[in-house]
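Survey of secondary and tertiary structure
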Amino acid sequence: MTFIPLERLIVDEITRKPLSELVTAKLAGMILDGVYKSGYQLPSERDLVKQFGVSRSTLREALKALEEIKLIEVQHGIGWFVSELDENNLALAHQVAEKITTSTPMKGEKAEEYEAPSGPRRLPVAPEKPLVIPNLKKDRLGTFSLISWWEREKVAAANVMVVGAGALGNEVIKDLVLMGVGNIYIVDFDTIEMANLSRSILFRESDSGREKAEVAAARAKEINPNVHVQYLNGDVTTDIGLGVFRRMDVIIGCLDNREARLAVNRFAYWINKPWVDGAIQEFLGLARVFVPGEGACFECTLTDQARRDLSIRYSCPLLARENILLGKVPTTPTIASIIGAIQSQEAMKIIHSKPVAAGMVIHFNGMTNEVHVTKYTPVEDCESHWTYGEITELPIRAETTTIDEMMQIIHRDMGPEAVLELDQELILSLKCPNCHTEEKILQPISKVGFNQAHCPSCGLLRETEMTHIISGDEPFSSRTLASIGIPALHILRAYNEDQYYFYELSGDLENALHFSHFEKQIEQPRIKLRDRIKIKEKVHLKDRLKIKLHESAIKLNIQQQEEVPKIHVD
Ligand SMILES: [Zn+2]
Ligand SMILES: [Zn+2]
């Protein structure tokens with residue numbers, strides 16, 4: 001039997017445990033086959049490491065497991081020896097060895113010399129995880145308990161944002177709810193059209209015209225009512241407060257345009273959160289994880305041409321936005337499943353604090369079935385590389401706080417020269433160079449359409465007067481923060497000559513982040529008392545009724561009390 005180095009299976013720590021089990025099984029098999037005989041010494045650890053192509057720690061785990069079933073024993077200072085075989089350790093050795101020998105290849109497939117770690121299932125040997133045997137009949141997520149490193153509590157407590165509920169988003173959301181991710185925030189600004197149905201497992205024909213985010217959230221809740229969902233029908237680049245991002249464990253980008261990716265990338269960097277990007281086109285796809293401070297970020301990956309494209313678009317921001325809305329990329333449900341699945345798995349690794357390949361990209365070509373993993377080079381002076389400092393939580397809200405009130409706080413903390421820096425341009429007015437007319441706008445750029453920018457009289461594209469700096473003496477400072485485009489629970493950025501300050505509109509927390517859409521009021525079962533009373537034993541009917549009535553009284557809520565059949569006990 002020749003061994004294919006198992007090292008190639010080691011992608012990261014995740015495969016380490018199954019790998020050690022595999023080595024355990026191989027060694028047990030070799031002892032049973034008489035390759036290593038009772039009473040004889042095993043090759044040195046160094047030789048075994050070479051032979052199996054695994055790390056020393058993996059080998060040691062395997063040796064420990066064999067020691068536990070008393071198949072080998074250590075002689076300190078000398079090495080490992082094969083124990084005498086008796087009925088006890090023999091049976092266990094067979095059990096362990098069978099792990100690899102009973103795995104059958106698929107029909108028509110040639111059996112490999114080595115078996116992948118996913119052999120027939122057996123309960124995990126994970127010292128850090130107590131062995132709990134799940135009830136698979138009743139426990140929806142029970143299977144995951146059998147994965148040695150899976151921590152259901154962590155998954156259930158996780159907050160995950162899915163940006164984009166298109167082909168990729170549908171797959172990712174489906175995967176997350178199936179895996180029991182406890183809190184999912186879904187954002188998309190689009191509505192469902194018939195063409196979406198070809199690659200969106202969460203949408204139905206009757207959903208045509210409805211908001212993608214809302215429908216996706218509703219269906220997610222339907223698939224697994226134990227998860228909590230929240231949706232936002234809006235634009236990720238402008239409509240979500242940074243405080244929402246801040247409370248996520250991971251952000252999954254299921255986007256179809258560079259501008260939105262760039263926005264998510266910056267937000268993620270600002271509040272130091274990992275994000276998982278996916279992109280698909282026809283049979284091609286890629287997935288990548290970006291972790292602030294670890295390798296390249298999304299902006300680092302942009303080519304010079306892409307940067308030029310972006311800057312051209314930014315030079316006419318009104319047009320840029322409309323172009324984004326037009327961009328449609330042909331995709332298939334198959335590539336969406338593949339890439340969405342990789343993204344979901346990366347998210348699970350992040351939730352479990354497992355190592356991820358940050359700043360690397362997995363390219364999948366479905367035509368050639370080639371997979372390439374490449375590392376991006378981080379750009380030294382990348383503009384996205386900036387993480388906010390200490391954030392001051394203010395008990396105020398975007399909708400009710402005026403610019404004036406906010407500036408008072410800023411000036412109090414940072415001096416009268418301090419200014420507020422907006423994330424998006426605020427359009428103050430539109431001026432027609434032809435008619436010399438001026439229209440006051442005072443709206444964030446995201447709310448002003450390209451058509452609106454044209455002069456109503458002569459049709460010429462008007463000059464835009466805009467700003468992203470607020471000093472406090474603006475004539476419109478009695479307006480609210482929300483009115484100039486600041487979303488709820490946002491983190492505001494203010495600076496003076498020396499430094500930046502960060503303020504969160506934490507008063508919005510309750511409304512802006514609740515994960516409680518589609519939570520049903522727990523419906524109380526209508527109890528038909530007669531159905532419930534089955535007298536099989538010789539218990540006095542009187543006593544049974546007393547018990548049942550008592551139970552019913554607890555179970556029925558006040559509104560349903562009229563449903564209680566009137567039964568007189570006496
Ligand atoms: Zn970068
Ligand atoms: Zn004009």
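Shown above is the structure to which this text applies.
So, here's what we can say about the structure. (Residues numbered from 1 in each chain as written. Chains lettered and ligands numbered in written order. Predicted model: local features only at pLDDT ≥ 70, side-chain atom pairs only at ≥ 80, totals over all residues. Heavy atoms only, no water.)

Details of the coordination of the zinc ion (ligand 1)
Coordination of the zinc ion (ligand 1) by the protein is provided by Cys297 (SG), Cys300 (SG), Cys382 (SG) and His385 (NE2), with metal-donor distances spanning 2.1 to 2.3 Å. One can describe the donor arrangement at the zinc ion (ligand 1) as tetrahedral, given that its four donor atoms subtend angles of 94 to 122° at the metal. For the zinc ion (ligand 1), the donor residues sit on a single chain with the sequence spacing C-x2-C-x81-C-x2-H. Of this pair, cysteine 297 sits in the loop between strand 8 (284-290) and helix 11 (304-315) while cysteine 382 is found in the loop between strand 10 (370-375) and strand 11 (391-394), placing the two residues 85 residues apart along the sequence. (Donors = N, O, S within 2.8 Å, 3.2 Å for Na, K, Ca; no water. Tetrahedral: all angles 85-135°; square planar, octahedral: opposite > 155°, others 65-115°. Helix = DSSP H or I, 4+ residues; strand = E, 2+ residues; numbered from the N terminus.)

Here's the deal with the side chain of aspartate 235
With respect to the helices and strands, the residue aspartate 235 is situated in the loop between strand 5 (228-233) and helix 9 (242-246). We classify aspartate 235 as buried; its relative accessible area is 9%. (Buried < 20%, exposed > 50% of the residue type's maximum accessible area, 1.4 Å probe, protein only.)

Quick word on the coordination of the zinc ion (ligand 2)
Surrounding the zinc ion (ligand 2) are the protein donor atoms Cys432 (SG), Cys435 (SG), Cys455 (SG) and Cys458 (SG), at 2.2 to 2.3 Å. Considering all four donor atoms around the zinc ion (ligand 2), angles at the metal cover 104 to 113° and the coordination shape is tetrahedral. Mapped onto the polypeptide sequence, the residues donating to the zinc ion (ligand 2) form the spacing pattern C-x2-C-x19-C-x2-C.

Examining the pattern of salt bridges
Here the idea is simple: oppositely charged side chains can pair when their charged atoms come close. In total, this model carries 28 salt bridges according to the counting rule given. With a closest N to O distance of 4.0 Å, arginine 266 and glutamate 383 form a salt bridge. Pair noted here: arginine 266 is in helix 10 (residues 258-270) and glutamate 383 is in the loop between strand 10 and strand 11, with a separation of 117 residues, a long-range link. Given the relative accessible area of 24%, arginine 266 is considered partly exposed. When its relative accessible area of 64% is taken as the criterion, glutamate 383 is described as exposed. Among the ionic contacts, a cluster of salt bridges with common partners joins Asp207, Arg210, Glu214, Arg219 and Glu222. (Salt bridge = Lys/Arg side-chain N within 4 Å of Asp/Glu carboxyl O.)

Focus: unusual backbone geometry
Residue glutamate 282 is not a glycine yet carries a positive backbone phi of 50°. Along the chain, the position of glutamate 282 falls in the loop between strand 7 (275-281) and strand 8. For asparagine 369, which is not glycine, the phi dihedral falls at a positive 55°. Residue placement: asparagine 369 occurs in the loop between strand 9 (360-365) and strand 10.

Focus on the packing of helix 7 (residues 167-178) against helix 13 (residues 333-351)
Two quantities define a packed helix pair, namely the angle between the axes and the distance from one axis to the other. The interhelical angle for the contact between helix 7 and helix 13, taken along N-to-C directions, is 50°, at an axis separation of 8 Å. Considering the angle they form, helix 7 stands oblique to helix 13. Considering only the axes of helix 7 and helix 13, their crossing is right-handed. For the pair helix 7 and helix 13, the contacting residues are Ala167, Leu168, Glu171, Val172, Asp175 and Leu176 in the first and Ala336, Ser337, Ile339, Gly340, Ala341, Gln343 and Ser344 in the second. Looking at the contact of helix 7 with helix 13 residue by residue, the classes come out as seven nonpolar, four polar and two charged. (Axes fitted to C-alpha atoms, helices over the stretch in contact; angles between N-to-C directions. Parallel < 35°, antiparallel > 145°, perpendicular 65-115°, else oblique. Left-handed = near helix turned anticlockwise from the far one by under 90°. Contact = heavy atoms within 4.5 Å. Nonpolar A, V, L, I, M, F, W, Y, C, P; charged D, E, K, R; others polar.)

Considerations on helix 10
Here helix 10 is 13 residues long and its end C-alpha atoms lie 18 Å apart, about the 18 Å a rise of 1.5 Å per residue gives. The element helix 10 is largely enclosed, with a buried count of 11 among its 13 residues. Within helix 10, burial applies to Glu259, Ala260, Arg261, Leu262, Ala263, Val264, Asn265, Phe267, Ala268, Tyr269 and Trp270. The opening residue of helix 10, the one whose side-chain oxygen lies 3.2 Å from the backbone nitrogen of glutamate 259, is asparagine 257. Two residues or fewer after helix 10 comes asparagine 272, characterised by a positive phi angle close to 60°. (Expected span 1.5 Å × (residues − 1). Polar contact = N/O pair within 3.5 Å; in protein donor to acceptor, adjacent residues only side chain to side chain.)

Focus on the packing of aromatic side chains
If you walk through the whole model with that rule in mind, you get 16 aromatic pairs. Each member of the aromatic cluster is reached from another via a ring pair, and the members are Phe245, Phe267, Trp270, Trp386, Tyr388, Tyr495, Tyr500 and Phe502. (Phe/Tyr/Trp six-rings, centres within 6.5 Å; stacked < 30°, edge-to-face > 60°.)

Topic: the side chain of aspartate 277
Within the secondary structure, aspartate 277 sits in strand 7. Residue aspartate 277 is classed as buried on the basis of its relative accessible area, which comes to 0%. One polar contact links aspartate 277 to arginine 261, side chain to side chain, over a distance of 2.8 Å. Aspartate 277 has contacts with Gly253, Arg261, Leu286, Ala287, Arg288, Phe290, Phe298 and Gln343, leaving out every residue within four places of it along the chain.

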